[in-house]
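Descriptive structure summary
Next come the chains, spelled out residue by residue.
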Amino acid sequence: MSKILYASEVTTDIHRLDSAWEDPETFAFIPDKTGEVHGMIEAALAELPPPYRTGHFALLTSGSTGRPKLVFGSRDRSSSLARVLHAHQQSEEVNETVVVLPLTYCYSFVNQFLWARQHDRPLVLTKGLTRPDELKSALTAAKDSMICLVGAQVPLLSEYYDGSVFPGVIRVHFAGGRFPSERLEDLRRLFPNALIFNNYGCAEAMPRLTLRPADAAEETSHVGWPLPGIEIDSSPEGELLFRSPYGAVGQADDNGFRVIGPADWVATGDLGRQLDDGHVELLARSSEVFKRHGEKISIPVVLSSVSLAWRGPVSTYREVDGSGEDGYVLVISPHPGDGDVRKILLTLRNKHARSHWPLRIESIDELPFLPNGKIDVQELGEQVDLKQHWRQRI
């Protein structure tokens, strides 16, 4: 039976991950708390087809479906991707990488752990923003360093490290959600010597599809150009599809193991398209676009407008209104004043028809986050201490 490696084991001793990578046996690298899916993980590893029992690894993700599953990568393919990223992210002058996100997150696993192995660079482990003082010490001591973030972390970085500067960080990479283009000035203040890159992909891509320097475009929807060898297409419904020489070779869930063949087009779970100059325009997650009163609503577009009026963390959760129409609730953090709420409403009024407005505006002391740094939208909708500031009356 293939082995399971837990995040806490690696936090205690990073060499355990190195050893697992060097051992031919396929392994799964997963968070400590997997809950009810742990049985699925054990069953998937026990029943792997023979070709996948060596030379591979698996990471746990919700992927493009929203349901937990194991995604299996080839060690050779992922090592090749780490080399491609090194060249296209201009990483030769990077001396080390400081880990802010969990290494069980595919983005940091490849972009940091595998990159450090491939290029013999130090890997500096931290507990990220769960220990802001320790992270600050690591960033202060950084010398020619690379970090990987998700956009939801930037307001917290600005809050925790207001007035601080980290000149030793020379590469800052984003993936795993909307690129925080409205926060570029904050990022440049914190990391004045850094080249900033926006990345796009998914766990099934293991994990990278496109790349662009932050300065290449102002539009958040512009996620850059495909890496060499990657093909992009769209389904008739507008969902982005890809084929990649670096992508996952299989996935497993409660329904068993499914091979992803080299000729298979894989769904990203996102709506988008490739434009004439080759760059990819990302519109939204499929679940973030819906019809309300006959109009198509895109939550990321609304959040881009809200960011002009509110500089703190922001998210949404979905809800159906009293008439059965789909809608959403806007949640901001921390708690705003009356003037802040009026500013948000004025921005919504100036930029969007009323059908695009949230059902309510609520706030919370701190948004709940997943271990990978993304906002836990499911838990957000179940919070009992949300404070209501405004609601639609029609």
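Okay, the overall build of the protein next. Looking only at helices and strands, the protein features 11 helices and 23 strands. Taken over C-alpha atoms, the radius of gyration comes to 21 Å for the protein, in line with the 21 Å a tight globule of 394 residues would show. When the backbone C-alpha atoms are referred to their principal axes, the protein occupies close to 60 × 45 × 45 Å. In the protein, which comprises 394 residues, the share counted as buried stands at 54%. Within the protein, counting contacts between residues at least 6 apart in sequence, those at least 24 apart form 67% of the total. Of the roughly 17700 Å² of accessible surface on the protein, 48% is carried by carbon and sulfur atoms. Put simply, the protein has 41 plus and 53 minus side-chain charges, and the middle of one group is 4 Å from the middle of the other.

What follows is about the nonpolar core. Formed by 41 residues in total, the largest nonpolar core has its most connected members in Leu 17, Phe 29, Leu 103 and Phe 109. Those elements that place two or more of their residues in this core are helix H2 (15-22), strand S2 (27-30), strand S3 (56-61), helix H4 (75-88), helix H5 (106-119), strand S9 (195-201), strand S10 (208-213) and strand S13 (239-243). No other element matches the 5 residues that H5 contributes to this core. Not counting residues up to four positions away in its chain, the partners in contact with Leu 103 are Val 10, Ile 14, Leu 17, Phe 29, Ser 108, Phe 109, Phe 113, Leu 123 and Leu 125. Formed by 25 residues, the second largest nonpolar core is a distinct cluster that contains Leu 135, Leu 149, Leu 156 and Phe 179.

Let us look at the sheet that holds S3. Strand order across the open sheet formed by 6 strands is S1-S2-S3-S4-S14-S15, with mixed pairing between neighbours. Edge positions in the open sheet fall to strand S1 (3-6) and strand S15 (256-259), since each of these has one partner strand only. Sheet twist, expressed as the average angle between the axes of neighbouring strands with direction ignored, equals 25°. Alignment of S1 against S2, held across 4 bridges, turns out to be parallel. By the bridge assignment for S2, Leu 5 is matched with Phe 29.

Summed over all chains, the structure comprises 15 aromatic pairs. Taken together, a centroid distance of 5.3 Å and an interplanar angle of 55° make the contact between Trp 21 and Phe 57 tilted. Highlighted residues: Trp 21 in helix H2 and Phe 57 in strand S3, separated in sequence by 36 residues. On the accessibility criterion, Trp 21 (9% relative accessible area) is buried. Look at Phe 72 and Phe 257: their rings are 5.4 Å apart centre to centre, the planes differ by 70°, and that puts the pair in the edge-to-face class. Of this pair, Phe 72 sits in strand S4 (residues 69-74) while Phe 257 sits in strand S15, and the two are 185 residues apart along the sequence. By relative accessible area, Phe 257 is classed as partly exposed at 22%. Looking at Arg 75, its charged tip hangs above the ring of Trp 21, at a distance of 5.6 Å from the centre. Directly above the ring of Phe 290 sits Arg 318, whose terminal nitrogen or CZ lies 3.9 Å from the centroid.

About the criteria used
- Residues numbered from 1 in each chain as written.
- Predicted model: local features only at pLDDT ≥ 70, side-chain atom pairs only at ≥ 80, totals over all residues.
- Heavy atoms only, no water.
- Helix = DSSP H or I, 4+ residues; strand = E, 2+ residues; numbered from the N terminus.
- Rg over C-alpha atoms; globule rule 2.2 N^0.38 Å.
- Buried < 20%, exposed > 50% of the residue type's maximum accessible area, 1.4 Å probe, protein only.
- Contact = heavy atoms within 4.5 Å.
- Areas by Shrake-Rupley, 256 points an atom, 1.4 Å probe, with all protein chains shown as cover.
- Lys, Arg positive; Asp, Glu negative; His and termini not counted.
- Charge placed at Lys NZ, Arg CZ, Asp CG, Glu CD.
- Core = buried A, V, L, I, M, F, W, Y, C linked by side-chain atoms within 4.5 Å.
- Pairing = 2+ DSSP bridges.
- Axes fitted to C-alpha atoms, helices over the stretch in contact; angles between N-to-C directions.
- Phe/Tyr/Trp six-rings, centres within 6.5 Å; stacked < 30°, edge-to-face > 60°.
- Lys NZ or Arg CZ within 6 Å of the ring centre and 35° of its normal.

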